[in-house]
Amino acid sequence: MKNFIKRTLTGFIFVVITTALILINEWTFLAFLLISNIWLSIEFFRIASHDNAHPLSFTSILTGTIAIFLSFGILKFDFNISVLWLIIIPALFIFIEELFLNKENPLRNISVSFLSLIYITIPLITSILLVFENDFGFQIEKGDAFHPELLIGILTLIWIFDSLAYCVGVPLGKHKLFVRVSPKKSWEGTIGGALFVIVAGIFMSKFIPAISQTDWIIISALVIVFGTIGDLIESLFKRSINVKDSGETLPGHGGLLDRLDSFIFTLPWVLIYFILKNLIS
């Protein structure tokens, strides 16, 4: 019971802060992206360090930060898209830095450094497209170019899925979902959480009418499938090095990566769905 109360309180504070940062304006949203990129990357590198890797943390995070700034500038201020080529400069310094550091496992160190950009930074950049670029087959009535509603909706569905899967799985879970990677996850919890998410998706269009009910149901399905896979992938990383949590910064939850693993893995698939829908229609 004590752990449940701690988990609930931490979860509530986390939801309030995250929602506020995304909703207030473009600049708090940018702050959310930059903080998340740095925080998640540090936790990811912490996991990798247990596997005898010595990632180029500073240079990799700097590359991700520049990529986020440039992507934000392209969509907010109409920067020429060619400025994205500038991220090649810090990215190449990952190789140069490794050359002079003379550490063990240089190939692994470089690989982990670039993996953080693929696993964390690119999905965060995807969220910039989802809040600024509205040419994906749904209509926004507001005149302002910043529309975080879709992102908040995705986060809400993920939070519902995680919370209800936990609440259903703890008392009822008997059949393990993926015991090799995550022994505590059960089919009962996953199915229970999925049912609640589908119901939430059906009603989501009432709160965010710019996106149709059909789209919300499909987004809910993407959250269920790829949110679960994203969570299992992070569990795979931790399981391989016998680490329980990515960090200890969120009492009862572990680290930030433990909270956003489903989010960062689901975002690209939502973007892919809207791009394909727009191409077909």
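Predicted model, so just to flag it, every value in this text is computed and none were measured.

Across 2 bridges, strand β1 (residues 176-178) lies against strand β2 (residues 182-186) in antiparallel orientation. Residue pairing in the sheet places Lys176 in a bridge with Ser186 of β2. In this antiparallel pair of consecutive strands, β1 and β2, the connection spans 3 residues.

Turning our attention to the confidence of the model for the protein chain. With 94% of its residues at a pLDDT of 70 or more, the protein chain has an overall mean of 88. By mean pLDDT, β2 is the weakest element of the protein chain at 81, and helix α2 (residues 26-49) is the strongest at 96.

So, about the side chain of Ser71. Among the secondary structure elements, Ser71 is positioned in helix α3 (residues 57-77). Setting aside its immediate chain neighbours within four residues, Ser71 contacts Leu84, Ile125 and Ile128.

Attention now moves to the side chain of Ser220. Mapped onto the fold, Ser220 is located in helix α8 (residues 213-240). Exposure remark for Ser220: the relative accessible area of 0% places this residue in the buried category. Setting aside anything within four residues of it in sequence, one finds Ser220 in contact with Leu157, Val197, Ile198 and Gly201.

A few words now on the packing of aromatic side chains. Overall, the coordinates contain 14 aromatic pairs when judged by the stated rule. A connected cluster of aromatic rings, assembled from ring pairs, spans Trp27, Phe29, Phe72, Phe77, Phe79, Phe132 and Phe146.

The biggest cluster of nonpolar side chains holds 61 residues, and the ones touching the most others in it are Phe29, Ile154, Ile219 and Phe263. The residues contacting Ile219, other than those within four sequence positions of it, are Leu150, Ile154, Leu157, Val270 and Phe274.

We now examine the environment of Gly169. Tracing the backbone shows Gly169 in helix α6 (residues 149-172). Placed 17 residues apart in sequence, Gly169 and Ser186 show a C-alpha to C-alpha distance of 6.1 Å. Residues in contact with Gly169, not counting those within four places in the same chain, are Ser186 and Gly189.

This paragraph deals with α2. With 24 residues, α2 should cover 34 Å at 1.5 Å per step; its first-to-last C-alpha distance of 34 Å lies within 8% of that length. In this structure Asn25 caps α2, since a side-chain oxygen of it lies 2.9 Å from the backbone nitrogen of Trp27.

This part takes up the packing of α8 against helix α9 (residues 256-280). At a closest axis distance of 7 Å, the pairing of α8 and α9 adopts a crossing angle of 140°. When the interaxial angle is binned, α8 and α9 end up oblique. Here α8 runs over α9; the crossing is right-handed. Looking at the contact of α8 with α9 residue by residue, the class counts come to 13 nonpolar, 4 polar and 7 charged.

We now examine unusual backbone geometry. Look at Asn105: it is not a glycine, yet its phi comes out positive at around 55°. Of note, Asn105 is situated in the loop between α4 (88-101) and α5 (106-132). With a relative accessible area of 32%, Asn105 lands in the partly exposed category. Of note in the backbone geometry, Asn242 takes a positive phi value of approximately 60° without being a glycine. With respect to the secondary-structure elements, Asn242 resides in the loop between α8 and α9.

A separate point is the packing of α5 against α9. The geometry of α5 relative to α9 is characterised by a closest axis approach of 9 Å and an angle of 55° between their N-to-C directions. One finds that α5 runs oblique with respect to α9. Regarding α5 and α9, the two cross each other, and that crossing is left-handed. Listed contacts from α9 to Tyr119, Ile120, Pro123, Leu124, Thr126, Ser127, Leu129 and Leu130 of α5 are Leu257, Asp261, Ile264, Leu267, Pro268, Val270 and Leu271.

This part is about the pattern of salt bridges. With the rule as written, the count across this model stands at 5 salt bridges. In this structure, Asp231 and Lys185 form a salt bridge, with 2.4 Å as the shortest nitrogen-oxygen distance. Linking Asp231 in helix α8 with Lys185 in strand β2, this pair joins segments that are 46 residues apart in sequence. For Lys185, a relative accessible area of 26% corresponds to the partly exposed category. The salt bridge involving Asp258 is made with Lys238; its shortest N-O contact spans 2.8 Å. Of the two residues, Asp258 sits in helix α9 while Lys238 sits in helix α8, which places them 20 residues apart along the sequence. Residues joined in a network through salt bridges with shared partners are Glu234, Lys238 and Asp258.

Conventions used here
- Residues numbered from 1 in each chain as written.
- Predicted model: local features only at pLDDT ≥ 70, side-chain atom pairs only at ≥ 80, totals over all residues.
- Heavy atoms only, no water.
- Pairing = 2+ DSSP bridges.
- Helix = DSSP H or I, 4+ residues; strand = E, 2+ residues; numbered from the N terminus.
- pLDDT = per-residue confidence, 0-100.
- Contact = heavy atoms within 4.5 Å.
- Buried < 20%, exposed > 50% of the residue type's maximum accessible area, 1.4 Å probe, protein only.
- Phe/Tyr/Trp six-rings, centres within 6.5 Å; stacked < 30°, edge-to-face > 60°.
- Core = buried A, V, L, I, M, F, W, Y, C linked by side-chain atoms within 4.5 Å.
- Expected span 1.5 Å × (residues − 1).
- Polar contact = N/O pair within 3.5 Å; in protein donor to acceptor, adjacent residues only side chain to side chain.
- Axes fitted to C-alpha atoms, helices over the stretch in contact; angles between N-to-C directions.
- Parallel < 35°, antiparallel > 145°, perpendicular 65-115°, else oblique.
- Left-handed = near helix turned anticlockwise from the far one by under 90°.
- Nonpolar A, V, L, I, M, F, W, Y, C, P; charged D, E, K, R; others polar.
- Salt bridge = Lys/Arg side-chain N within 4 Å of Asp/Glu carboxyl O.

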